[in-house]
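Examining the three-dimensional arrangement
Residue strings, one per chain:
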Amino acid sequence: MNTLFLDIRNPLQNTEAVRTAAALLRDGEVVAMPTETVYGLAANAFDSTAVEKIFAAKGRPQDNPLIVHIAYVQELFDLAASVPTAALRLAEKFWPGPLTIILPKRDCVPEAVSGGLSTVAVRMPSHPSANALIRAAGVPLAAPSANISGFPSPTDVRHVMDDMDGRIAAVCDGGNCEFGVESTVLTLATEIPRLLRPGSVTLEQLREVIGEVQVDDAVLNPLQAGQTASSPGMKYRHYAPEAKITVVKGSAEDFYKFIEKNANKNDFALCFEEDLPHIALQCVTFGQADDPFSQTHRLFEALRELDEKKAQTVWARDPSSDGVGLAVCNRLYRAAGFSFVYNTCIVGITGITGAGKSTLTKLFAQKGFGVVDADEIARSVTEKDSPVLVQLAQAFGEDILLNDGALDRRKLGARAFADAESTEKLNSITHPAILERIRTTVSDLQRDGKNAVLDVPLLFETGLDRLCDHTVYITADHDIRLARLQQRDGLSAQEIEKRMQARHDENYFIERSDFVIKNNGTQPLETLFEDLSEKIMA
Ligand code: TXA
Ligand code: MG
């Protein structure tokens, strides 16, 4: 289909273009129109065949109803079976403007528009071009946002052309959309009015006019299995760019720290303008931190920009949910598929044998820290049938595997520690897998909002210290450690001396650690730990 491009930015001057678009609408065609929220894909609301073309152009599921756009309040009575005074009070206060009201529908509203529901959603847009177009068409216009289903809503005519060129009869240019997120959707068809979708008309403003308003669960939460959506649109993945977005919960400081610790250099940050000097990644901004209108205005455009830049992994700032901010959170959380992460406290512990590393780790665990034990992870990456085990067998001989396919640790040890070269080979196979698993274990804990303590002998050598907010070196005098290990492991002094041989002298650790704990028994480790955790949590 050849799509006409019509400039109606100034509807009083571009009367010819407005008339052309209106004629297409009366002929049962689909026309993209600007509104003050986002661009819409319009058709005659009373013409089922025309409305069905909208669903085809968008690839929209049939059960997702459309909003009907009117130019006079009077038209509300042609669409709704009953119009309560609350509706009229809201109309008086917020129309024309970004508020959609849901009411029981009249029979003349086709099923295609209501998605089979007994209600109809109506709004009167304030954009002068939209207004002119509805008047010229002479009929109410059913219109969803003018994006392909699942993509971010278009806030500029360029986005509409990207998605709709060749699919519909005409695209009307009305300039950049003022608000940038879709209208507030409120249903009056429930016993208590209910906010189904937040927008630029805020919850607080609605309550001022009509009193009690409930907020639908789906506004800030994913639909649970078995739950039905009050608004069918809520059940579909929405506003989603190609990139995997994760929202970092917490303050600006948390955001910067999290990125410094966890982001890879090809990752993107979706952040506010004032964050730019603090972030070393490629950034796409969506407004200013204290101005939610600037955020709604920019958000969808920013999501499209991320795709244009081929972003894969994106870390997003968590906006305030006050006022219009609720609309920003609602759209951003959906774009992120409700994926959140917290900048939790990560403590790395290292130390020499016999100093009390495991006991210190346990004390952190008792305070609710998730334990990431490098030795345990080292064992788990060489589990039966693991890719690492396959590589080890190739490098050191198939007979390092026992009959049941598990690793014979003794045999591997004998070969791998026979000389420096073999040890090197062992490490080059196991270390990357161990590091990777440690990182994912930490990030799983962060997604659950849990602090983590890392028990890692090679904390500094592997660079894992960079993942930590605090590093702790635990040590004790030689003779004390010797006595402890003799008691614990029942080995001879000679064997223990061999195990205690350090790869670095003490200074290597002391210089690199934020805290040094000398666990000589003069004070109980519990006391030293309380002191340490107080400093860490300060
Ligand atoms: O700002 C806007 O509202 C834009 C512009 C073009 O006006 N339109 C828009 O339409 O965002 P759309 O189709 O993308 O979103 C309409 C939302 C959907 O989530 C839909 O499920 C819901 O409103 N909706 C429509 N009629 C409904 C009804 N009768 N009951 C419950 N939800 C309804
Ligand atoms: Mg939409």
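Nothing here was measured: the structure is a model prediction, and the numbers come from that model.

Glancing now at the pairing of strand β19 (residues 452–455). Regular strands place side chains that alternate from one sheet face to the opposite one. Residues Ala452 and Leu454 line one face of β19 and the alternating positions Val453 and Asp455 line the opposite face, and both faces are buried. Pairing geometry for strand β17 (residues 346–351) and β19, over 4 bridges, is parallel. Paired with Ile346 across the strands is Ala452, a residue of β19. One ladder, built from 4 bridges, connects strand β18 (residues 370–373) with β19; its direction is parallel. Bridging across to β19, Val371 finds its partner in Val453.

Attention shifts here to the layout of surface pockets. Empty space among the atoms becomes apparent when a probe as large as a water molecule is rolled across them. In this model, the second largest pocket occupies a volume close to 780 Å³. Arg60, Asn64, Pro65, Arg197 and Ser231 are the residues nearest the centre of the second largest pocket, which is lined by 47 residues in total. Those elements that place two or more of their residues in the lining of the second largest pocket are β4 (67–69), β6 (119–123), β9 (184–187), β10 (194–197) and α11 (325–335). In terms of residue count, β6 provides more of the lining of the second largest pocket than any other element does, 4 residues in total.

With their axes 10 Å apart at the nearest point, helix α4 (residues 85–94) and helix α8 (residues 203–210) run at an angle of 125° to one another. With respect to each other, α4 and α8 are oriented oblique. For the pair α4 and α8, the crossing hand works out as right-handed. Residues Ala86, Arg89, Leu90, Lys93 and Phe94 of α4 lie in contact with α8, whose contacting residues are Gln205, Leu206, Val209 and Ile210. Residue composition of the contact of α4 with α8, grouped by class: 6 nonpolar, 1 polar and 2 charged.

Right, let's talk about the site of ligand 1 for a bit. The full set close to ligand 1 counts 26 residues, and Thr37, Asn64, His69, Ser183 and Gly233 are the nearest of them. Taking Thr119, its side chain carries an N or O atom lying 3.0 Å from a nitrogen atom of ligand 1. For ligand 1, an oxygen atom lies 3.0 Å from a polar atom in the side chain of Arg123. In isolation ligand 1 offers 680 Å² of accessible surface; the protein chains occlude 97% of this area. Judged by the fraction of its atoms near the pocket grid, ligand 1 is located in the second largest pocket. For the shell around ligand 1, the secondary-structure elements that each account for two or more residues are β4, β6 and β10. The dominant element in the shell around ligand 1, judged by the number of residues it contributes, is β6, at 3 residues. Among the residues making up the shell around ligand 1, the classes are represented as 12 nonpolar, 10 polar and 4 charged.

The residue Ser118 is located in the loop between α5 (111–114) and β6 in this model. Using a relative accessible area of 56% as the deciding quantity, one classes Ser118 as exposed. Distance in space between the C-alpha atoms of Ser118 and Ala229 is 15 Å, their sequence separation being 111 residues. Excluding residues that lie within four positions of it along the chain, Ser118 makes contacts with Pro104 and Lys105.

Right, let's get into the pattern of salt bridges. Using the criterion set out here, one finds 21 salt bridges in the structure. Across the pair Lys518 and Asp477 runs a salt bridge, and its minimum N-O distance is 3.4 Å. Note that Lys518 is positioned in strand β21 (residues 515–518) and Asp477 in the loop between β20 (470–475) and α17 (478–489), a separation of 41 residues in sequence. Note that Arg512 and Glu511 form a salt bridge whose closest N and O atoms lie 3.9 Å from each other. Look at the salt bridges and you will find they share partners, linking Asp7, Arg9 and Asp173 into a network.

Bringing the sheet that holds β20 into the picture now. The 5 strands are arranged β18-β19-β17-β20-β21 in an open sheet whose pairing can be described as parallel. Of all strands in the sheet, those bounded by a partner on one side alone are β18 and β21. The mean angle between the axes of side-by-side strands here comes to 20°, regardless of whether they run parallel or antiparallel. Each of β17, β20 and β21 is contacted by helix α20 (residues 525–537), which is oriented at about 170° to β21, the strand it contacts most.

Pairing in this open sheet of 11 strands is mixed, and the strands run β1-β8-β2-β3-β7-β4-β6-β5-β9-β10-β11 from one edge to the other. Strands with a single pairing partner mark the edges of an open sheet, and in this sheet they are β1 (4–7) and β11 (214–215). Here strand β2 (residues 31–33) pairs with strand β3 (residues 40–44) via 3 bridges, running antiparallel. Note on β3: the bridge partner recorded for Met33 is Gly40. With respect to the sheet, helix α2 (residues 48–58) is in contact with β3 and β7 (141–143), its orientation differing from that of β3 by roughly 155°.

Scanning all chains against the criterion turns up 1 cavity of 30 Å³ or more. Here the largest cavity is characterised by a volume of approximately 30 Å³.

Our focus in this paragraph is the nonpolar core. Nonpolar side chains tend to gather and get buried jointly when the protein is soluble and globular. Formed by 52 residues in total, the largest nonpolar core has its most connected members in Leu41, Leu90, Trp95, Leu99, Leu188 and Leu206. Of all hydrophobic cores here, the second largest spans 31 residues; its members include Val388, Leu407, Ile438 and Leu445.

What follows deals with α2. All of the buried residues in α2 are Ala50, Val51, Ile54, Phe55, Ala57 and Lys58. Looking straight down α2, one finds its buried side chains confined to an arc of 165°; they lie on one side. Residues of α2 that are exposed and point more than 90 degrees away from the buried face comprise Thr49 and Ala56. Here the buried face of α2 lies against β3, α5, β7 and α7 (157–164). Here α2 starts with a cap whose side-chain oxygen sits 3.1 Å from the backbone nitrogen of Thr49, and that cap is Asp47.

Definitions and cut-offs
Residues numbered from 1 in each chain as written. Chains lettered and ligands numbered in written order. Predicted model: local features only at pLDDT ≥ 70, side-chain atom pairs only at ≥ 80, totals over all residues. Heavy atoms only, no water. Buried < 20%, exposed > 50% of the residue type's maximum accessible area, 1.4 Å probe, protein only. Helix = DSSP H or I, 4+ residues; strand = E, 2+ residues; numbered from the N terminus. Pairing = 2+ DSSP bridges. 1 Å grid on protein atoms, 1.4 Å probe; cavity = no way out; pocket = protein on both sides within 12 Å on 5 of 7 lines; lining within 4 Å. Points joined across faces, edges and corners; volume = space filled by probe spheres on them. Axes fitted to C-alpha atoms, helices over the stretch in contact; angles between N-to-C directions. Parallel < 35°, antiparallel > 145°, perpendicular 65-115°, else oblique. Left-handed = near helix turned anticlockwise from the far one by under 90°. Contact = heavy atoms within 4.5 Å. Nonpolar A, V, L, I, M, F, W, Y, C, P; charged D, E, K, R; others polar. Near = heavy atom within 4 Å. Polar contact = N/O pair within 3.5 Å; in protein donor to acceptor, adjacent residues only side chain to side chain. Areas by Shrake-Rupley, 256 points an atom, 1.4 Å probe, with all protein chains shown as cover. Sits in = over half its atoms within 2 Å of the grid points. Salt bridge = Lys/Arg side-chain N within 4 Å of Asp/Glu carboxyl O. Core = buried A, V, L, I, M, F, W, Y, C linked by side-chain atoms within 4.5 Å. Arc of directions from axis to C-beta.

Shape is all these values report; function is a separate question.
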